[in-house]
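Reading the structure
Here is how the chains run, residue by residue.
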Amino acid sequence: GAIGAAGLGLSIGTGTGAAVEMGEASAWTREHANSIELTDDLTAPVIDENPDVISDDYWIWDTWPLRYRDGSIAKIHGWQVVFSLTASKDLVPGARHNEATIRYFYSRNGHDWTEGGTAFENPLGHHQWAGSAMYDHEQDQIYHFYTATSPEPEFRQRLALGKGASLETGPHGVDLVGDQEHVIMAEADGELYQTLEQSRDQGIVYAFRDPWYFRHPETGEDMVVFEGNTPTDGEDPSDPRSYNGNVGIAWATNDELTEWELLPPNLEAIEVNQQLERPHYVLQDGKWYLFVLSHEFTFAPGLWGPDALYGFVADSLYGDYEPLNESGLVIANPEAAPFQGYSWLAMPQGNDVLVESFENFRGLDDTSRGEIGLDEVGFLPAEEQKELFGGTLAPSLKVQLDGTETRVVAELNDGHFIPSGGSPNENGNGRGR
Ligand code: FRU
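Right, let's walk through the structure included here. (Residues numbered from 1 in each chain as written. Predicted model: local features only at pLDDT ≥ 70, side-chain atom pairs only at ≥ 80, totals over all residues. Heavy atoms only, no water.)

**Description of the pattern of salt bridges**
Tallied over the full model, the rule gives 12 salt bridges. The shortest N-O distance in the salt bridge between D136 and R69 comes to 3.0 Å. Residue D136 is located in strand 6 (residues 127-136), and its partner R69 is located in the loop between strand 2 (58-68) and strand 3 (80-88); the two are separated by 67 residues in the primary sequence. As far as burial versus exposure is concerned, D136 and R69 are alike and both buried. A salt bridge links K287 to D315; the nearest nitrogen and oxygen atoms lie 3.2 Å apart. Placement of the pair is K287 in strand 17 (residues 287-294) and D315 in the loop between strand 18 (308-314) and strand 19 (322-323), with a sequence separation of 28 residues. Note on D315: relative accessible area 58%, which makes it exposed. (Salt bridge = Lys/Arg side-chain N within 4 Å of Asp/Glu carboxyl O. Helix = DSSP H or I, 4+ residues; strand = E, 2+ residues; numbered from the N terminus. Buried < 20%, exposed > 50% of the residue type's maximum accessible area, 1.4 Å probe, protein only.)

Okay, here's the thing in C-alpha cells:
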C-alpha cells in the first residue's frame, strides 16, 4: 500500500546508513482527555490590555519563525524573520481564513517586529494557510512549506513548498528577494489520510494542512509533520467516530525537497478530537515533545477540553507518545477569557520552551462559551466582532518541561517574543544524499 514504497532505497547517502523511521500511531484516548483539568500550572494568565499591535492594516494570526535546517531559529546579519497568516482589517475576523496571505516581519531583538511584505508572488491555492520556513544558508535559499487551500466552501487543502527566495539584509531592514518555484508536496491519499470527500458527512471541519519542517536528528531525513484526519466510519457530527484528528508525517524522497511520500501518522485522536492543529516538535534530552493545538468545539461528544496547547512525549519519532500532564493539556486559556489566545508555537529556549501565540477573541468571556464555533462570533455586528478580536501577537509564555510534566512559569510582558536566533550550525547543513 501507500507505506510499502517507503521501505525502498532508504540508506542511500544519508551518511549514516539509517533507514527512515516508521511505525504505528500512538493514541490520545478518551481516558486521557477525561482527566483534563485547568490548574494554575497549566493556565495562561489573562492578557492585559496590549496596545502594541504589530500591524495597523492586517489581522495577524498563525506565526512561525524562519529556522535553519537543524531547527534553530535563524539570525541573518542580526535579523530574525517571522511569517504570519494575515488578512485585511476591513474583514470581520471570521472572514479572514478565506483571504489568508502569508506576510513577513523582521526584528533585531525578537519582539519589536516591522512589517516586510508578502512572502510569495504566485503561491498555489486560492489562499494560504499555516506552514513553516527553513533557510539553508549554504544554498542561500528559503524552503517555505505552507498549505495551499481552495476557496470556501470547499476548503480543500494540500501541502505545498515555495522555494528559491532569499533574504537581502541592510542596516534598516530585510527584503525577500528572488524568484520562487511552487510545488505540491502531498495530498490526502484516502488510506492513511482522509480525503475531503470521505469527510463530507462526518465532522465539522476537515484537515490536511500545516506542514512543519524538521530534520530527523538521527537519520538526517528531511520531514514534515502536519495536521490530518484518519479515515473512520463515523456517520455524522453526533457520532464520536467522526472525530478523527491525527498528526501526519511525510518525508522527502529527493534532495530538492520537491518529492514527498506520506508515512503513517504518529498520533491519532479518534473519538477524542477532530483537529490536532499545527503539530510541531521540541527535542530535548533525547525526548520528542510533540505539541498540537485544539479547540473546545472540536472535542468529540461526551468530552470537554479548552482551547489550548496540548502536548505528548516519546523517546523516538514513532515512540509510544504519552500525554503531558496525563491529559495532554499544556497551556489552557484562562476561564475568565476562554478564547483569548490561540495557535501556540513552542520553541526551545535553554531547558525551557518559549511559546508564541496570537490574541484571538480576547473580549469573549464565559457567557459566550459554547456559542463559538466555525463562524466564531459571526452572529454579532461587524464592529463588535472587530472589537472583540485581537488579531495580533500575544505576550509569549515560558513553559518548563520536566519529563512528562510541564508548568507555565512566566508571561513575557514585553510581548511578541521569539527566542533569539543564532548562527547556522555547520552540522546542520550540507548533508547531501
Ligand atoms: C490554526 C489554523 C491552522 C490553519 C489556519 C487557518 O489557527 O486553523 O490550522 O492553517 O488556522 O486560518
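**Concerning the side chain of R103**
Positionally, R103 belongs in strand 4 (residues 101-107). Salt bridges are absent for the buried R103, whose nearest opposite-charge side chain, E115, sits at 4.9 Å. One polar contact links R103 to T86, side chain to side chain, over a distance of 2.7 Å. Among residues more than four places away in sequence, those in contact with R103 are Y58, V82, F83, S84, T86, G117, T118 and A119. (Lys, Arg positive; Asp, Glu negative; His and termini not counted. Polar contact = N/O pair within 3.5 Å; in protein donor to acceptor, adjacent residues only side chain to side chain. Contact = heavy atoms within 4.5 Å.)

**Quick notes on the sheet that holds strand 12 (residues 209-215)**
The 5 strands are arranged 1-15-14-13-12 in an open sheet whose pairing can be described as mixed. Edge positions in the sheet fall to strand 1 (26-27) and strand 12, since each has one partner strand and no second. Pairing of strand 13 (residues 222-229) with strand 14 (residues 244-252), which is carried by 7 bridges, proceeds in the antiparallel orientation. Considered in strand 14, the bridge of V224 is made with A250. (Pairing = 2+ DSSP bridges.)

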